[in-house]
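# Structural characterization, general
Chain residues, written in single-letter form:
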Amino acid sequence: KLFKKPYLIAIGCLILALLPLAILGMQNYGNPAGMILQNFAETAYPKMPLSSYLPDLLKNLGYFVPILFLFTIFSRARDNVPNIIWDYMIITSLLLIFVSQKYERFLVILLPAFVVIAAAGFMHLIQNMRKAKTAIVVSLAVVSLLLAYYNMQDLKAEKGNTEILLDAANFIKNSGCDAVMT
């Protein structure tokens, strides 16, 4: 079963996604897992509670995505999600639980699986709610636009930080120095 075309494609995509880490590990640490091991050692302290992942999670995911995710889990829509996506999500979640430092940005690695699972719930909902189909799609579009607007406002508020980083990058680029400590 593992050598069927969809699994081979998924394994190939995973290898391609991890290849840059392996190449950087070989270049900088002498082994393919060197970068991962170094980061693991550096993030071993301080130990943070599991709740550190949660402060802005609903806002960052768009509110309706977690609802659709839960709907998928508790409905027959979960049968439409390939097992490899579930396996990826479970294994990655377990790994993130054991990392000592727990920042929301670490959850980015779970977003593709999370969205695919939520999309399966959305498709199941649309197919089974023929009369409310338009209302569901319109309400999701409105919520998406509102979230996009508020996220753009957050980006504008953080514009000063971006300008500082760009100025620093330009300074380094023009300094003629070939190595930089960050």
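Shown above is the structure to which this text applies.
Summarised in this report is the structure supplied together with it. Since this is a predicted model, take the numbers as computed values, not measurements. Here the residue index of a chain counts from 1 through its sequence in written order. Reporting in this predicted model follows two pLDDT cut-offs: at least 70 for local features of residues, and 80 or more for side-chain atom pairs to be given and counted; totals over whole chains, interfaces and linings ignore these cut-offs and use all residues. As a convention, hydrogens and water are excluded, and side-chain values are obtained from all of the structure's heavy atoms.

Here we take up the overall build of the chain. Strands here mean DSSP runs of E at least two residues long; helices mean DSSP runs of H or I at least four residues long; both are numbered from the N terminus. Looking only at helices and strands, the chain features eight helices and zero strands. Each helix and strand of the chain, ordered N terminal to C terminal, gives the series α-α-α-α-α-α-α-α. Note that the radius of gyration is over C-alpha atoms, with the globule rule given as 2.2 Å times the number of residues to the power 0.38. The C-alpha radius of gyration computed for the chain amounts to 21 Å, which surpasses the reference 16 Å derived for 182 residues by more than 25%, pointing to a less compact arrangement than a globule. A principal-axis box enclosing the C-alpha atoms of the chain has dimensions of 65 × 45 × 35 Å. Counting across all 182 residues of the chain, residues that qualify as buried make up 21%. Residues are treated as being in contact if the distance between any of their heavy atoms lies within 4.5 Å. A separation of at least 24 residues holds for 66% of the contacts in the chain among residues at least 6 apart in sequence. Per-residue accessibility, obtained with a 1.4 Å probe over protein chains only, is compared with the maximum for each type, and a residue is labelled buried under 20%, exposed over 50%, and partly exposed between these values.

Definition of nonpolar core: a set of buried residues of the types Ala, Val, Leu, Ile, Met, Phe, Trp, Tyr and Cys, connected through side-chain atoms within 4.5 Å. Among the nonpolar cores identified, the biggest contains 22 residues, and Phe64, Leu68, Phe69, Met89, Phe114 and Ile117 are the most heavily contacted of them. Counting residues per element, the ones that place at least two in this core are helix H4 (64-73), helix H5 (83-98), helix H6 (111-128) and helix H7 (133-157). Top contributing element to this core by residue count: H6, with seven residues. Contacts of Leu68, omitting those with residues within four sequence positions, involve Ala118, Gly121, Phe122, Leu125 and Leu140.

For the rest of this paragraph, the subject is a nonpolar patch on the surface. Each patch groups residues whose relative accessible area exceeds 30% and which form no salt bridge, using 9 Å between like charges and 5 Å between nonpolar side chains of Val, Leu, Ile, Met, Phe, Trp and Tyr. The Shrake-Rupley method, run with a 1.4 Å probe sphere, supplies the accessible areas, and residue values consider only the shown protein chains as cover. For salt bridges, the criterion is a side-chain nitrogen of Lys or Arg within 4 Å of an Asp or Glu carboxyl oxygen. Residues Leu50, Ile90, Leu94, Ile97 and Phe98 make up a contiguous nonpolar surface patch of roughly 500 Å² in combined accessible area. Relative to the elements of secondary structure, Leu94 occurs in helix H5.

Under the convention used throughout, the expected extent of a helix is 1.5 Å for every residue step, that is, one less than its residue count. With 17 residues, helix H8 (residues 159-175) extends 24 Å between its outermost C-alpha atoms, agreeing within 8% with the 24 Å of an ideal straight helix rising 1.5 Å per residue. Downstream of H8 by a residue or two, Gly176 has a phi angle that is positive, lying close to 80°.

It is worth spelling out the packing of H5 against H6 at this point. Angles here are taken between N-to-C directions and fall from 0 to 180 degrees, while the axes themselves are lines fitted to C-alpha atoms, restricted in helices to the stretch in contact. Contact geometry of H5 with H6 gives a least axis separation of 9 Å together with a crossing angle of 135°. Relative to H6, the element H5 lies oblique. You can see that H5 and H6 cross each other, and the crossing is left-handed. Touching Ile85, Trp86, Tyr88 and Met89 of H5 are Ala113, Phe114, Val116 and Ile117, all from H6. Tallied by class, residues from the contact of H5 with H6 come to eight nonpolar, no polar and no charged. Note on terminology: angles under 35 degrees are roughly parallel, angles over 145 are roughly antiparallel, angles of 65 to 115 are roughly perpendicular, and the others are oblique. Left-handed is the label given to a crossing in which the near helix is rotated counterclockwise from the far helix by less than a right angle, and right-handed is the label when the rotation is clockwise. Note on residue categories: nonpolar means Ala, Val, Leu, Ile, Met, Phe, Trp, Tyr, Cys or Pro, charged means Asp, Glu, Lys or Arg, and polar means any other residue, Gly included.

What follows concerns the packing of aromatic side chains. Aromatic ring pairs are reported here in terms of the distance separating the ring centres and the angle at which the planes meet. Paired rings are identified among Phe, Tyr and Trp, the last through its six-membered ring, by centres lying within 6.5 Å, and are further divided according to the angle between planes into stacked (under 30 degrees), edge-to-face (over 60) and tilted (the rest). Applying the stated criterion across every chain yields a total of two aromatic pairs. Look at Phe69 and Phe114: their rings are 4.3 Å apart centre to centre, the planes differ by 25°, and that puts the pair in the stacked class. Taken as a pair, Phe69 in helix H4 and Phe114 in helix H6 lie far apart in primary sequence, 45 residues in all. Since its relative accessible area comes to 12%, Phe69 is described here as buried. Their ring planes at 70° and their centres at 5.4 Å tell us that Tyr149 and Tyr150 sit as a pair that is edge-to-face. A relative accessible area of 48% places Tyr149 in the partly exposed class. Tyr150 gets classed as partly exposed once you look at its relative accessible area, which sits at 48%.

Take Gly121: it is sitting in helix H6. On a C-alpha basis, the gap between Gly121 and Val65 in space is 9.5 Å, while along the polypeptide they are 56 residues apart. Not counting residues within four places of it along the chain, the set of residues in contact with Gly121 comprises Leu68, Phe71, Thr72 and Ala77.

So far we have only geometry, and geometry alone does not tell us how the molecule works.
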